[in-house]
Amino acid sequence: MDRFEEMRIFASVAQLESFSVAARQLELSPPRVTRAVAALESRLGVALLQRTTRQVRVTEAGRRYLEDAQQVLAQLSEAEASATGSYLTPRGLLSVTAPVLFGEYFVTPQIVNYLAQYPDVQVRAELIDRPVNLQEEGIDVAVRIGHVPKECQHLIVPVGEVRQVVCASPEWLVKHGEPQHPHELEALPTVVAEGSHFGNHWWFEENGKRIEVSPSPRLRISAIHAALTAVEAGAGLTRLLSYQAAASEAEGRVRRVLTRFEPPAIPINIWVTAGRGRAASVRTFVDLLAERLRADPALGYRD
């Protein structure tokens, strides 16, 4: 087994913290994965992993080696892509991920547009709300809503921002009145989308100070789509991200309230996985996606 293969296997075991899971992902037998890591440790003369009956953890030496190995493997991937010409002409498989609703509303239409322009590219799109390890799961491009960690090594392309908003139907507001302060929400009928990340605590800002309220929802519902439908029908108030309510707001089915108490905007970025930015399919897709997202008024992009 060559050194690159040993390095690739070790990186997978270290990231997944499991020999068996790495073996399944790499489509190798567990004994082969175990032998590869043992051979690598023997050749280096240092323990890279700590093994117990319940878990696998990277040692300090293993952590340093993993960082270097990831860079080497990324460079190898780039060299192979360059040799096959995929840095010149968009082709091959492009892997994309985005949050479920954002991906449905904004990313999927642009994937369709992209495929129409580049017939030699195939796209695998994973719309999922959990955090995704881009390198570990083989993702080329991700759209993420949130602040970028300082230690992030990926290429970041800003494309907009969203706000946390409270809204209700115009008819409900005429009948019940518009709340003037976030604390009023605790006594008003609310709808909570359990698929959102707001949960039982909604926070706001007043004069730079954080305000946290705990509504007692009359309706809990498992999908954001359904929560918005219920609010449009007059079920009360709900909290969403601004892009989720943008179409309903534009068409007058809901209206935002308590806007002066909204927390600071949350950035939307395209993440390009380290080592993949030069591939033609990645470059052209990111260029198209960034242009279209920045032009969408629902996403509030600012130069």
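Residues numbered from 1 in each chain as written. Predicted model: local features only at pLDDT ≥ 70, side-chain atom pairs only at ≥ 80, totals over all residues. Heavy atoms only, no water.

(A) Region of the structure containing the packing of helix 1 (residues 3-16) against helix 2 (residues 19-26). It is the contact of helix 1 with helix 2, at a shortest axis distance of 8 Å, that shows an interaxial angle of 125°. Judged by the angle between their axes, helix 1 and helix 2 are oblique. Viewed along their axes, helix 1 and helix 2 form a crossing whose handedness is right-handed. Residues R8, I9, S12, V13 and L16 of helix 1 lie in contact with helix 2, whose contacting residues are F19, V21, A22, Q25 and L26. Looking at the contact of helix 1 with helix 2 residue by residue, the class counts come to 7 nonpolar, 2 polar and 1 charged. (Axes fitted to C-alpha atoms, helices over the stretch in contact; angles between N-to-C directions. Helix = DSSP H or I, 4+ residues; strand = E, 2+ residues; numbered from the N terminus. Parallel < 35°, antiparallel > 145°, perpendicular 65-115°, else oblique. Left-handed = near helix turned anticlockwise from the far one by under 90°. Contact = heavy atoms within 4.5 Å. Nonpolar A, V, L, I, M, F, W, Y, C, P; charged D, E, K, R; others polar.)

(B) Seen up close, the side chain of S12. With respect to the helices and strands, S12 occurs in helix 1. On the basis of relative accessible area, S12 is assigned to the buried category, the value being 6%. Excluding residues within four positions of it along the chain, S12 makes contact with A22, Q25 and L26. (Buried < 20%, exposed > 50% of the residue type's maximum accessible area, 1.4 Å probe, protein only.)

(C) Quick peek at the pattern of salt bridges. Taken as a whole, this structure holds 18 salt bridges when the rule is applied. With a shortest N-O distance of 3.0 Å, E232 and R253 are connected by a salt bridge. Of the two residues, E232 is situated in helix 7 (residues 224-232) and R253 in the loop between helix 8 (242-250) and strand 13 (255-257); the sequence distance between them amounts to 21 residues. We classify R253 as partly exposed; its relative accessible area is 32%. Members of the salt-bridge network, linked through shared partners, are E60, R63, R64 and E67. (Salt bridge = Lys/Arg side-chain N within 4 Å of Asp/Glu carboxyl O.)

(D) How the structure looks around the packing of aromatic side chains. One pass over the structure, following the stated rule, counts 8 aromatic pairs. Taken together, a centroid distance of 6.2 Å and an interplanar angle of 80° make the contact between Y105 and F106 edge-to-face. Residue classification places Y105 among the partly exposed positions, given a relative accessible area of 29%. Residue F106 is classed as buried on the basis of its relative accessible area, which comes to 9%. When the ring centre of W271 is taken as reference, the NZ or CZ atom of R144 above it lies at 4.5 Å. R210 extends its terminal NZ or CZ atom over the ring of W203, reaching a point 4.3 Å from the ring centre. (Phe/Tyr/Trp six-rings, centres within 6.5 Å; stacked < 30°, edge-to-face > 60°. Lys NZ or Arg CZ within 6 Å of the ring centre and 35° of its normal.)

(E) Region of interest: the side chain of N269. Here N269 shows up in strand 14 (residues 266-272). Leave out the neighbours within four places in its chain, and N269 touches A142, V143, R144, G146, V148, I156, V157, P158 and V159.

(F) Quick look at the nonpolar core. Of all hydrophobic cores here, the largest spans 40 residues; its most connected members are L94, F102, V141, V143, Y243, I270 and F285. If sequence neighbours within four positions are ignored, I270 has contacts with V141, A142, V143, L155, I156, V157, V159, V286, L289 and A290. Counting residues in hydrophobic clusters, the runner-up holds 23 residues, among them M7, F10, A11 and V13. (Core = buried A, V, L, I, M, F, W, Y, C linked by side-chain atoms within 4.5 Å.)

(G) Broad picture of unusual backbone geometry. Notably, E17 is not glycine yet its phi reads approximately 55°, a positive angle. Note that E17 resides in the loop between helix 1 and helix 2. Given the relative accessible area of 39%, E17 is considered partly exposed. The residue E27 is not glycine, and still its phi comes out positive at about 60°. As for its placement among the helices and strands, E27 is situated in the loop between helix 2 and helix 3 (30-44).

(H) Broad picture of the confidence of the model for the chain. When pLDDT is averaged across the chain, the result is 89; 94% of the residues are at 70 or more. The weakest mean pLDDT in the chain belongs to helix 4 (residues 60-84) at 75; the strongest belongs to strand 13 at 97. (pLDDT = per-residue confidence, 0-100.)

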